[in-house]
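Coordinate inspection notes
Here's the letter readout for the chains.
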Amino acid sequence: MSQAKTYDLTVPYSLDGVKLHQYQKYVKVLNDNKDSVDEEFLRLKILEIFCGLTLKEAYELAAVDVDEILNLVSKVLNEDAPLQRRFTMTDPNGTTVEFGFIPNLERISLGEFIDAETFVSDWDNMHHAMAVFYRPLTGHKGEFYEIEKYEGSDKYAEIMKDAPASVAIGATLFFYNLGMTLLSVTMDSLLKQSRVTSEDQQQTQTPSDKSGDGISRSMHSLKETYLELQRLQKSLYTNASFGLTLKKKKTN
């Protein structure tokens, strides 16, 4: 007689419990299979990415349990994610470090700006974007804080793969909703400050225009990425019951 197995597994109950590297895998699977009609495969991948279940283990679960798990995960992935200015991470040695979002975007450095613009619209590189946005606190008093000087995204990129997905999504949406105008002004100011030679008005206007075009393209790309992700998620979670047809394995 066939019998469904039970497994001990961890199911995230909020975006805070989803790591960035898990969410990156999820986005990649959605994008790689956006034209696929095999929704069962996509839902099984969700069990693998967020719950650590292999394909064999998923097939051995009761279908009703799978539906319940997937419904829980779907609610988590569709949560709102506001900007979190500070968050903590604990390394394997038990050391806790607090990271802070760039305190004053109007004082963002040219290097920070260029790297942020490069990485923020690409989820494969979102850990690099996070390493631009957030760095360890060097001091704080109440709501005010200072963070480490920027030394390039490579310094904390790998660490940021374990950051909460909620933090990454919140930072991304912040830049999409509020960042375009602010960063356009900031970039224009930075370019003016970086000029060390006098140029005529036409020469001065040309690089500024090109930079504005770059910002516009970056934010447009970020908007398209976000809207496509929302569309794919909505398509995947159309029904309240997922209705997976899982084959139950025979057990002794």
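The model shown is predicted, which means the values in this text are computed figures rather than measured ones.

**A word on the environment of F144**
With respect to the helices and strands, F144 occurs in strand β4 (residues 144-147). Residues F144 and P103 lie 41 residues apart in sequence; the distance between their C-alpha atoms is 8.2 Å.

**A short note on the pattern of salt bridges**
Within this structure, the stated rule accounts for eight salt bridges. Its salt-bridge partner being K45, residue E48 comes within 3.2 Å of it at the nearest N-O pair. Of this pair, E48 and K45 both sit in helix α2 (residues 39-51), separated by three residues, roughly a single helical turn. Its salt-bridge partner being K56, residue E60 comes within 2.9 Å of it at the nearest N-O pair.

**Re the environment of H140**
Its location among the elements puts H140 in strand β3 (residues 134-141). Separated by 40 residues in the primary sequence, H140 and G100 place their C-alpha atoms 10.0 Å from one another. Those residues within four positions of H140 in sequence are excluded, and the remaining contacts are R86 and Y145.

**Description of the sheet that holds β3**
If you trace the four strands from one edge of the open sheet to the other, you get β1-β2-β3-β4, paired in antiparallel fashion. Of all the strands in the sheet, just β1 (86-90) and β4 have a single pairing partner and so form its edges. With strand direction ignored, the average angle separating the axes of adjacent strands in the sheet is 55°. Lying over the sheet, helix α6 (residues 126-133) contacts β1, β2 (96-101) and β3, oriented at roughly 20° with respect to β3.

**A short note on the packing of helix α5 (residues 110-119) against α6**
Across the interface, α5 lies against α6 with an axial gap of 8 Å and an inter-helix angle of 150°. In terms of their interaxial angle, α5 and α6 are classed as roughly antiparallel. At the point where α5 passes α6, the crossing takes the left-handed sense. Residues E112, D115, A116 and F119 of α5 form the contact with α6, whose participating residues are M126, H128, A129, V132 and F133. Across the contact of α5 with α6, the residue classes tally to six nonpolar, one polar and two charged.

**Some points on the pairing of β1**
Of the two faces of β1, the one holding F87 and M89 is buried and the one holding R86, T88 and T90 is not buried anywhere. Bridge count between β1 and β2: five bridges; the pairing is antiparallel. Its bridge partner lying in β2, T88 is registered against E98.

**Notes on the confidence of the model for the protein chain**
In regions of low pLDDT, the predicted coordinates are not meant to be interpreted in detail. Per-residue confidence for the protein chain gives a mean pLDDT of 77; residues scoring 70 or more make up 66%. Averaged pLDDT values over the elements of the protein chain bottom out at 54 in helix α9 (residues 201-236) and peak at 96 in β2. Predicted confidence for residues 201-212 stays below pLDDT 50, and this span has nine contacts to residues more than four positions away or in other chains. Per-residue pLDDT stays below 50 along residues 238-252; that stretch engages in 34 contacts with residues further than four places along the chain or on separate chains.

**Overview of the packing of helix α1 (residues 20-32) against α2**
Where α1 meets α2, the closest approach of the two axes is 10 Å, and the angle between their N-to-C directions is 165°. When the interaxial angle is binned, α1 and α2 end up roughly antiparallel. The element α1 and its partner α2 pack so that their crossing is right-handed. Of the residues in α2, those in contact with Q22, Y23, K25, Y26 and V29 of α1 are L42, K45, I46, I49 and F50. Here the contact of α1 with α2 is composed, by residue class, of seven nonpolar, one polar and two charged.

**Things to note about the packing of aromatic side chains**
Scanning all chains against the criterion turns up nine aromatic pairs. With 5.2 Å between their ring centres and 80° between their planes, F87 and Y134 make a pair best called edge-to-face. A residue pair is termed long-range when its members are at least 10 positions apart, and F87 in strand β1 and Y134 in strand β3 qualify at 47 residues. For the residue pair F87 and Y134, the accessibility class agrees, reading buried in each case. Arranged with centres 5.3 Å apart and planes meeting at 65°, the rings of F101 and Y134 form a pair that is edge-to-face. With F101 in strand β2 and Y134 in strand β3, the pair connects residues that are 33 residues apart, well separated along the chain. Assigned by exposure class, F101 and Y134 land together as buried.

Thresholds applied
- Residues numbered from 1 in each chain as written.
- Predicted model: local features only at pLDDT ≥ 70, side-chain atom pairs only at ≥ 80, totals over all residues.
- Heavy atoms only, no water.
- Helix = DSSP H or I, 4+ residues; strand = E, 2+ residues; numbered from the N terminus.
- Salt bridge = Lys/Arg side-chain N within 4 Å of Asp/Glu carboxyl O.
- Contact = heavy atoms within 4.5 Å.
- Pairing = 2+ DSSP bridges.
- Axes fitted to C-alpha atoms, helices over the stretch in contact; angles between N-to-C directions.
- Parallel < 35°, antiparallel > 145°, perpendicular 65-115°, else oblique.
- Left-handed = near helix turned anticlockwise from the far one by under 90°.
- Nonpolar A, V, L, I, M, F, W, Y, C, P; charged D, E, K, R; others polar.
- Buried < 20%, exposed > 50% of the residue type's maximum accessible area, 1.4 Å probe, protein only.
- pLDDT = per-residue confidence, 0-100.
- Phe/Tyr/Trp six-rings, centres within 6.5 Å; stacked < 30°, edge-to-face > 60°.

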